[in-house]
Amino acid sequence: MKPVVVFSALLVLATLLPGSLQRNVENPDFKPNCLVGGPDIYDPTQAEKVMWFDVNLDLPPRQRFQQIAKAYKNEIRAVFDVLNYFLTIIPGVNAWELIGNVTASALDKGMIMNPYKDEVLGIAEVLEVPIGNLVFLNIFYEMSRFCTSIVAQTEDNKDLYHARNLDFGQLFVWDIAAQSWGLTDALKKVSVNINFFKNGQLLFKGSTLAGHVGVLTAMKPHKFSLSMNAKVQPDLINVAKWYMGAYENTDLQFVMYFERWLFENCDTFQCAREKIAGVKLLTGAYFILGGVNPGEGSVLVRNTTSVQFERKLFDGDNDWFVLQTNYDPDKNPLFIDNRRDPGNACMNKLGRSQVSMKGIYTVLSSKPTLNKTTVHTVIMSVTKGYFETFIQKCPNPCWAF
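Residues numbered from 1 in each chain as written. Predicted model: local features only at pLDDT ≥ 70, side-chain atom pairs only at ≥ 80, totals over all residues. Heavy atoms only, no water.

Moving on to the sheet that holds strand E7 (residues 201-209). Picture the strands of a sheet paired through backbone hydrogen bonds; they go either parallel or antiparallel. Spatial strand order, E1-E6-E7-E8-E9-E10-E11-E12: eight strands in an open sheet with mixed pairing. Each having just a single partner strand, strand E1 (52-56) and strand E12 (307-312) make up the two edges of the open sheet. Strand-to-strand, the axes of this sheet are offset by a mean angle of 20°, without reference to chain direction. Judged from the five bridges that link them, strand E11 (residues 297-302) and E12 form a sheet pairing that is antiparallel. The residue of E12 that forms the bridge with serine 298 is lysine 312. Contacts between helix H11 (residues 269-278) and the sheet are confined to strand E9 (224-230), strand E10 (285-290), E11 and E12, with E11 contributing the most and set at about 10° to the helix. (Pairing = 2+ DSSP bridges. Helix = DSSP H or I, 4+ residues; strand = E, 2+ residues; numbered from the N terminus. Axes fitted to C-alpha atoms, helices over the stretch in contact; angles between N-to-C directions. Contact = heavy atoms within 4.5 Å.)

This is how it looks when you write it as structure tokens:
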């Protein structure tokens, strides 16, 4: 019965994420506010506040992420505390402990592949937390990334910029005094950048959350870049089946681990695109991919087995940029979560001639693309090798999510 209870907990989480009321109308309480054309808000020195770490992939897996866990031990445990407190909404059940126990059992059965299993075990040793809860946290990140990603080509076709807002924490304990979500604030404090090394050479750069062994946003300099946005309605049935052991001895992959595998095994935009199209996934997702050559920008809409749709740069109406939130291209966003239309309008106001680190940062700092759940903004220049992460804050009046 325990997996069933865990699935019930997941359903509670899912129902608190937007999943209905799809209407293409403007939120009457908060008007979009595109900052393009206003004061300069881009300050690259602010990106220095997000720490960089080196992860040596030649080390034994248990050792690879331990330095990050040591540096952020208290902050990661604070994320645990928020989730534990939130899950008390299920009466009569210690849901956080139960989820940890069931997930630990799945780990013992080999349902998390190596080297990721051993990497998480190494982090748990440092944090002194239940391994099952740490694994669940990694899985939860896979299901619940509410984000905005952009790939844009400059007017001279020499540069391509890829950026994303990581939105996470909606409806997880509202702090009345701070006017913010407790989980979002906790995740801001564990945002980190990582240089991944192999054979003494820089393999790729990534942004993630301390305690997580996947990557949320990443770039192989002068090769390709990738961000992944979750779907508004995650494949919870598949996750429940995974908990019940239905996918043992299959080649289904977690998106969070596949993303990292991609950067360890591909050197080109085309290789990444082919692997994304062919992999079998536990949950569907939006893969936003950028390259170094003119026109190398795509959004691949994936279900668990195949590509449902692909949007490309310079393909019909998409023109010089593509912007993806958490909705299929043929579906209207929630009327309380319409980041897509204001984001597209702000990009068009920016114009192709102003595509740059500064320009894209300004768009992603405009409401409602910026909202109360925005943890951080990552901006990458694949062609120049730039990678910057900014902790965000949305001043009132601001969308709650």
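Having seen the model, we can carry on.
A few words now on the nonpolar core. The biggest cluster of nonpolar side chains holds 83 residues, and the ones touching the most others in it are Leu187, Trp242 and Phe287. Once residues within four sequence positions are removed from consideration, phenylalanine 287 is found in contact with Leu226, Ser227, Met228, Val255, Phe258, Glu259, Ile276, Leu281, Ser298, Val299, Leu300 and Arg302. Counting residues in each nonpolar core, the second largest holds 21 residues, with Tyr42, Leu323, Leu364 and Ile379 among its members. (Core = buried A, V, L, I, M, F, W, Y, C linked by side-chain atoms within 4.5 Å. Buried < 20%, exposed > 50% of the residue type's maximum accessible area, 1.4 Å probe, protein only.)

Time to look at the packing of aromatic side chains. Using the criterion set out here, one finds 16 aromatic pairs in the structure. An aromatic cluster is defined as three or more aromatic residues linked by ring pairs; in this entry it consists of Phe65, Phe196, Phe204, Phe224 and Phe263. One Lys or Arg, lysine 205, reaches over the ring of tryptophan 52 and ends 4.9 Å from the middle of that ring. When the ring centre of tyrosine 286 is taken as origin, the NZ or CZ atom of lysine 231, which lies over that ring, is 5.6 Å away. (Phe/Tyr/Trp six-rings, centres within 6.5 Å; stacked < 30°, edge-to-face > 60°. Lys NZ or Arg CZ within 6 Å of the ring centre and 35° of its normal.)

The sheet built from five strands is open, its strands ordered E13-E2-E3-E14-E15 with antiparallel pairing. Two strands lie at the open edges of the sheet, namely strand E13 (321-324) and strand E15 (386-391), each paired on one side alone. Direction aside, the axes of adjacent strands within the sheet are offset by 10° on average. Set on the sheet, helix H12 (residues 340-350) makes contact with strand E2 (146-153) and E13; between it and E13 the angle comes to about 155°.

Glancing now at the state of the cysteines. One pass over the full model with this rule turns up three disulfides. Each sulfur in the disulfide pair cysteine 266 and cysteine 271 lies 2.1 Å from the other. Classification of the bridge connecting cysteine 266 and cysteine 271 rests on its S-S torsion, roughly -60°, and on that basis the disulfide is left-handed. Put simply, cysteine 394 and cysteine 398 are joined by a disulfide, and their sulfur atoms are 1.9 Å apart. Here cysteine 394 and cysteine 398 share a disulfide; its torsion about the S-S bond, 105°, makes the bridge right-handed. The same class applies to cysteine 394 as to cysteine 398, namely buried. (Disulfide = S-S within 2.5 Å.)

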